[in-house]
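# A structural walkthrough
Residues per chain are reported as follows:
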Amino acid sequence: MKHIKSAARTADRVLGVFTALLAILVIIYGAYMLFDNVYAGKSGFLSRDLLVYRPDENSSSKESFEELQKINEDVNAWITIFDTHIDYPIAQGKDDWEYINKNIYGQQSLTGSIYLSTSNDRAYKDKYNVIFGHHVVNGTMFGDLEKYENVSYFLNHRDGVLQTPYGNYDLRVFAFLKTDAYDNMVYYLDSSNRDSIPLLMEYLSKNAGNFVDLSTDDVKKVVALSTCADSSTNGRVVVFANATRRSLPPKTGEKEDEDSVPAFHTVGKIGHDTDDSHWALLNLICVIATLLTLLPLFFIRKKYHQLRYAKNMVKKFDDEEYVDENEVNRYQTLIDDLKDFIKKMRTGVIMEILALVISVIAFILTEDITQPIVIRDDWRS
């Protein structure tokens, strides 16, 4: 019997150490994931710090870019695709490698910047323009481009605006293509050739995953948004948009034409709302924390020996074989206190179990860990 008790005590100690180590590992991993997501979110401008520098939507002059270009003179445009996370300034470096790992502030960043190919004219005079951005799994930068493979998403997220110091353009997405980095028609198309747009349209009509057939005569300028594909090292995802020059906004005192003003009241979302395809890390941490409150109940008996001791004492005093009536009366107050303690302990255990069950059910119903991870759900109307 002694050997069994000794083995049980040893098992308690082992399980106690194991539980403590598991809790520490979970905390360390959770802290790392939070840091990683905070860093990625900050690099992806989820803090909205740059939105205050977005050019005046009612202006197409160079003055509207002055504050932004004080931060970085390489910035030459701002792109917005409505109802997506794509809402960023565009830079153009000395080569196509400069802004891969450098943010708009000129600092090193894994998420880099959105940038225009150096083969294109800075003033967007070319008929064909390629814009690059990293594929960040939390949906920032050009992470949303892969969603255009879904037909419903493609059809419902076609509109946007490209603002430049030289004029603004309405964007209308018409094609989604999965290709590779060596696709000559996508990355090496002669933007100065008058026949380049018809050639591109013909190519996309045959190879694009999603395609809306537009009249070649209506397509004067094309903007291609390119990012990496997760499934392949050299894989690329490209979304093509028709760019139509927006009419100049009215001067002060003139009647405003609604069609001439960018519709930024429908601007895209920055960050993650609860209806996005993601799951929240903090929700999982809450479930794990709830589970940890129950581990001592099942595995570390010393933690709850008071409950067993109280139950044994009450049973002893209720058993007339061991305790006479005088002793029962003498210790009646103690017995009542013990019974009250037992009731509170049982209530607490039941509440912990219910909290765990509810949190697990809520997590299963609201989260899908096969989706990209974010720090928390953003409850916004």
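Everything below is about the structure shown above.
A few points on the structure. (Residues numbered from 1 in each chain as written. Predicted model: local features only at pLDDT ≥ 70, side-chain atom pairs only at ≥ 80, totals over all residues. Heavy atoms only, no water.)

So, about the overall build of the chain. For the chain, the count of helices and strands is nine helices and eleven strands. When the 381 residues of the chain are sorted by exposure, 43% land in the buried category. By sequence separation, contacts in the chain at least 24 residues apart represent 67% of the contacts at least 6 residues apart. Approximately 21900 Å² of the chain is accessible, and the part contributed by carbon and sulfur atoms is 55%. (Helix = DSSP H or I, 4+ residues; strand = E, 2+ residues; numbered from the N terminus. Buried < 20%, exposed > 50% of the residue type's maximum accessible area, 1.4 Å probe, protein only. Contact = heavy atoms within 4.5 Å. Areas by Shrake-Rupley, 256 points an atom, 1.4 Å probe, with all protein chains shown as cover.)

Right, let's talk about the packing of aromatic side chains for a bit. Pairs of aromatic rings are described using the distance from one ring centre to the other and the angle between the two planes. For the structure on display, the rule yields six aromatic pairs. Relative to Tyr-187, the ring of Phe-132 has its centre 6.1 Å away and its plane inclined at 10°; by these criteria the two rings are stacked. Of this pair, Phe-132 sits in strand β4 (residues 128-132) while Tyr-187 sits in helix α4 (residues 184-187), placing them 55 residues apart in sequence. Looking at Tyr-187, the relative accessible area reads 15%, which means it is buried. Taken together, the ring pairs connect Tyr-115, Phe-132 and Tyr-187 into an aromatic cluster. The ring of Tyr-99 has Lys-102 sitting right over it, with the charged end atom 4.8 Å from the ring centre. (Phe/Tyr/Trp six-rings, centres within 6.5 Å; stacked < 30°, edge-to-face > 60°. Lys NZ or Arg CZ within 6 Å of the ring centre and 35° of its normal.)

Right, let's talk about the pattern of salt bridges for a bit. Side chains bearing opposite charge may pair, as long as their charged atoms lie close to each other. What the rule picks out here adds up to eight salt bridges. For Arg-246, the salt bridge is made with Asp-170, and the minimal N-O distance between the two is 2.1 Å. One end of the pair, Arg-246, is in the loop between β9 (235-245) and β10 (279-280); the other, Asp-170, is in strand β6 (residues 167-180), and 76 residues separate them in sequence. One salt bridge connects Glu-202 with Lys-206, and the closest N-O pair in it is separated by 3.5 Å. With Glu-202 and Lys-206 both in helix α5 (residues 196-207), this residue pair falls four residues apart, about one helical turn. Note on Lys-206: relative accessible area 62%, which makes it exposed. (Salt bridge = Lys/Arg side-chain N within 4 Å of Asp/Glu carboxyl O.)

Before going further, it helps to spend a moment on the pairing of strand β1 (residues 75-81). Among the seven residues of β1, seven are classified as buried, and the element is accordingly described as predominantly covered. A loop of five residues connects β1 with strand β2 (residues 87-91), the two strands running antiparallel in sequence, and Asp-83 in this loop sits at a positive phi of about 60°. As paired strands, β1 and strand β5 (residues 159-164) are joined by four bridges and run antiparallel to one another. Among the inter-strand pairings, Ile-81 is bridged to a residue of β5, identified as Gly-160. (Pairing = 2+ DSSP bridges.)

With that settled, consider α5. Across its twelve residues, α5 extends 16 Å between first and last C-alpha, which sits within 8% of the 16 Å expected from 1.5 Å per residue. Of all the residues in α5, the buried ones are Ser-196, Ile-197, Leu-200, Met-201 and Leu-204. Taken around the axis of α5, the buried residues stretch over an arc of 130°, which confines them to a single face. (Expected span 1.5 Å × (residues − 1). Arc of directions from axis to C-beta.)

If you trace the backbone, Lys-102 turns up in the loop between β2 and β3 (114-116). Within the structure, the side chain of Lys-102 is placed 2.7 Å from the side chain of Glu-98, a separation counted as a polar contact. Once residues lying within four places of it in the same chain are set aside, the contact partners of Lys-102 are Gln-107, Ser-109, Gly-112 and Ser-113. (Polar contact = N/O pair within 3.5 Å; in protein donor to acceptor, adjacent residues only side chain to side chain.)

You can see Asn-242 is positioned in strand β9. A relative accessible area of 8% places Asn-242 in the buried class. Between the C-alpha atoms of Asn-242 and Tyr-169, which are 73 residues apart in sequence, the distance is 9.1 Å. In contact with Asn-242, other than residues within four places in its own chain, are Asp-170, Leu-171, Arg-172, Phe-174, Leu-214, Asp-218, Val-219, Lys-220 and Lys-221.

Turning to unusual backbone geometry, a few remarks are in order. Residues other than glycine seldom take positive phi values, yet Asp-83 does so here, at roughly 60°. Here Asp-83 lies in the loop between β1 and β2.

For the rest of this paragraph, the subject is a nonpolar patch on the surface. On the surface, a nonpolar cluster with roughly 370 Å² of combined accessible area is contributed by Val-17, Leu-21, Ile-24 and Ile-28. Residue position: Ile-28 is located in helix α1 (residues 2-43). A relative accessible area of 52% means that Ile-28 is categorised as exposed. (Patch = residues over 30% accessible without salt bridge, like charges linked within 9 Å, V, L, I, M, F, W, Y side chains within 5 Å.)

Among the structural elements, Thr-227 can be located in strand β8 (residues 222-228). Here Thr-227 falls in the buried class, since its relative accessible area comes to 2%. From its side chain, Thr-227 meets the backbone oxygen of Gly-133 in a polar contact 2.8 Å long. Engagement of the side chain of Thr-227 in a polar contact is seen with the backbone nitrogen of His-135, the distance being 3.0 Å. Apart from the residues lying within four places of it in its own chain, the contact partners of Thr-227 are Gly-133, His-134, His-135, Phe-142, Leu-145, Gly-235, Arg-236 and Val-237.

Its location among the elements puts Thr-140 in the loop between β4 and α3 (151-156). On the basis of relative accessibility, which here comes to 1%, the residue Thr-140 falls in the buried class. Counting along the chain gives 53 residues from Thr-140 to Asp-87, while the straight-line C-alpha distance between them is 9.2 Å.

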